[in-house]
Amino acid sequence: MAEDTPIIQGAVCPTPLPHRNQVVLGHGSGGRLSQRLIEQIFLPAFRNTALLAGDDSAVIQIPHDGCNRLAFSTDSHVVWPLFFPGGDIGRLAVCGTVNDLSMVGASPLYLTAGFILEEGLLISDLERIVHSMQVAAEEAGILIIAGDTKVVQRGKADGVYINTAGVGVIDEAINISGRFASPGDVVILSGSIGDHGIAVLQARGDLGFEAQIESDVAPLNHLTRQMLEVCPQIHVLRDPTRGGLATTLNEIARQSQVGILIDESAVLVKPAVASACEMLGFDPFYVANEGKLIAILPESTADEVIELMRRTPLGKEAVAIGRIVPLHPGKVLLKTSLGSTRILDSLSGEMLPRIC
């Protein structure tokens, strides 16, 4: 008799248990199957002292050397498909929260991860996603110290959704916010735009042609730390994710009540991304990124920061793309390649759903 065949009152149950290579509802029961999932998949990947304690909350020690403030952030990830060129939902989940913490000048320390699994998800896919999270966490130098797993019926989710929360510490000298952009500041962009959004569309088969486009998803905390060592006076950091570069710049302009003037010719768009956007009728200024940042800082430090960034893997394409101006507070103006100037507004509605 097969090991997976249940026996009820001495008789063989006519309905066999679901195959072991898929998630079943019992994996979310809190019982033996849940424990197996934790012990066989999650613990080996995220193993650390706080997680191995097995308590309802992780107990951690926050370092104090010059750090008297904490940053805390949470994010949910529903990208579809789960795997795309350059990344997957697991890498995206870790990098997204690491980057949110980094954009206020924090050094990320710990993450939690909550998984909503759909019945029927392949265990091999879950293992691949968890491994990707492990690699991204090691790359960022953080620990995943707590988590939760729930399972929903078939058709109630697209394989897996992931919620992450993260905590980091901020040096006393650092004070970064979208409220602090000042006239005369320089706007720096770390690299090309639109890579992530177009890579996901390519994975969905929406492009209609093959292109060498990979998501830029990456943890930015090491880059921001190096930038802050050179220029602790950075006023604003922001990663232009959903809504792209244009929407993020508009958020900053409204927060600081300043004008932002951007030089279109300075913004790098890879040829394959530009071609895809032209074919689909998209403006790359509104396409999501997951491994790029905007920095707004005093003009006196801009050249030094750009030089530093260009010596790093994630900032090698860094360039000044504009400046903060006292005119048109709350607006972003784009100096086009034709020499005219127009308003660059926020994204209205949802151009690319399920992109992160």
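Residues numbered from 1 in each chain as written. Predicted model: local features only at pLDDT ≥ 70, side-chain atom pairs only at ≥ 80, totals over all residues. Heavy atoms only, no water.

**Considering the sheet that holds strand E7 (residues 143-152)**
- Read across the open sheet, the four strands follow the order E3-E8-E6-E7; overall the sheet is mixed. Unpaired on one side and paired on the other, strand E3 (67-77) and E7 mark the two borders of the sheet. The mean inter-strand angle of the sheet, taken between neighbouring strand axes irrespective of direction, is 15 degrees.
- As paired elements, strand E6 (residues 107-118) and strand E8 (residues 160-171) share 10 bridges and run antiparallel to each other. The partner of Thr-112 across the bridge, within E8, is Ala-165. (Pairing = 2+ DSSP bridges. Helix = DSSP H or I, 4+ residues; strand = E, 2+ residues; numbered from the N terminus. Axes fitted to C-alpha atoms, helices over the stretch in contact; angles between N-to-C directions.)

**Description of the packing of helix H1 (residues 32-46) against helix H4 (residues 123-140)**
- Put simply, H1 and H4 touch, their axes get as near as 8 Å, and they point 25 degrees apart. Regarding the angle of H1 to H4, the classification is roughly parallel. Taken as a pair, H1 and H4 cross one another with a handedness that is right-handed. Listed contacts from H4 to Leu-37, Ile-41, Phe-42, Pro-44, Ala-45 and Phe-46 of H1 are Ile-123, Leu-126, Glu-127, Val-130, Met-133 and Gln-134. (Parallel < 35°, antiparallel > 145°, perpendicular 65-115°, else oblique. Left-handed = near helix turned anticlockwise from the far one by under 90°. Contact = heavy atoms within 4.5 Å.)

**Let's talk about the confidence of the model for the protein**
- Here the protein averages 91 in pLDDT, while 94% of its residues score no lower than 70.
- Contacts from residues 1-18, a stretch scored under 50 in pLDDT, to residues over four places away or in other chains number 15 contacts. (pLDDT = per-residue confidence, 0-100.)

**Comments concerning the pairing of E8**
- Taking burial as the measure, the 12 residues of E8 include nine buried ones, the bulk of the element.
- In this sheet, E8 lies alongside E3 in antiparallel orientation, the contact comprising 10 bridges. Each bridged residue has a counterpart across the sheet, and for Leu-70 the counterpart in E8 is Val-169. (Buried < 20%, exposed > 50% of the residue type's maximum accessible area, 1.4 Å probe, protein only.)

**Focus on the sheet that holds strand E10 (residues 236-238)**
- The seven strands are arranged E10-E12-E9-E13-E11-E14-E15 in an open sheet whose pairing can be described as mixed. The two strands at the open ends of the sheet, each matched to only one other strand, are E10 and strand E15 (341-343). Along the sheet, successive strands turn relative to each other by an average axial angle of 25 degrees, direction set aside.
- Pairing geometry for strand E11 (residues 259-263) and strand E13 (residues 319-325), over four bridges, is antiparallel.

**A few points about the domain arrangement of the protein**
- Looking at the protein, the domain boundaries give domain 1 (25-171) and domain 2 (186-343).
- The C-alpha centroid of domain 2 is placed 27 Å from the C-alpha centroid of domain 1.
- With 24 residues of domain 1 at the interface, the matching set in domain 2 holds 23 residues.
- Interface area, domain 1 with domain 2, both sides summed: about 1,900 Å², of which 59% is carbon and sulfur.
- Among the residues domain 1 hides against domain 2, the three largest losses belong to Pro-85, Asn-99 and Met-103. Together they make up 31% of the total.
- Counting across the interface, domain 1 meets domain 2 through one salt bridge.
- Asp-171 is the partner of Arg-225 in a salt bridge, and the nearest nitrogen-oxygen pair spans 3.2 Å.
- Across the domain 1-domain 2 interface, the total number found is 11 residue pairs in polar contact (both at pLDDT 80 or more). (Domains from an automatic or database assignment. Buried area = accessible area lost by both parts, 1.4 Å probe. Salt bridge = Lys/Arg side-chain N within 4 Å of Asp/Glu carboxyl O. Polar contact = N/O pair within 3.5 Å; in protein donor to acceptor, adjacent residues only side chain to side chain.)

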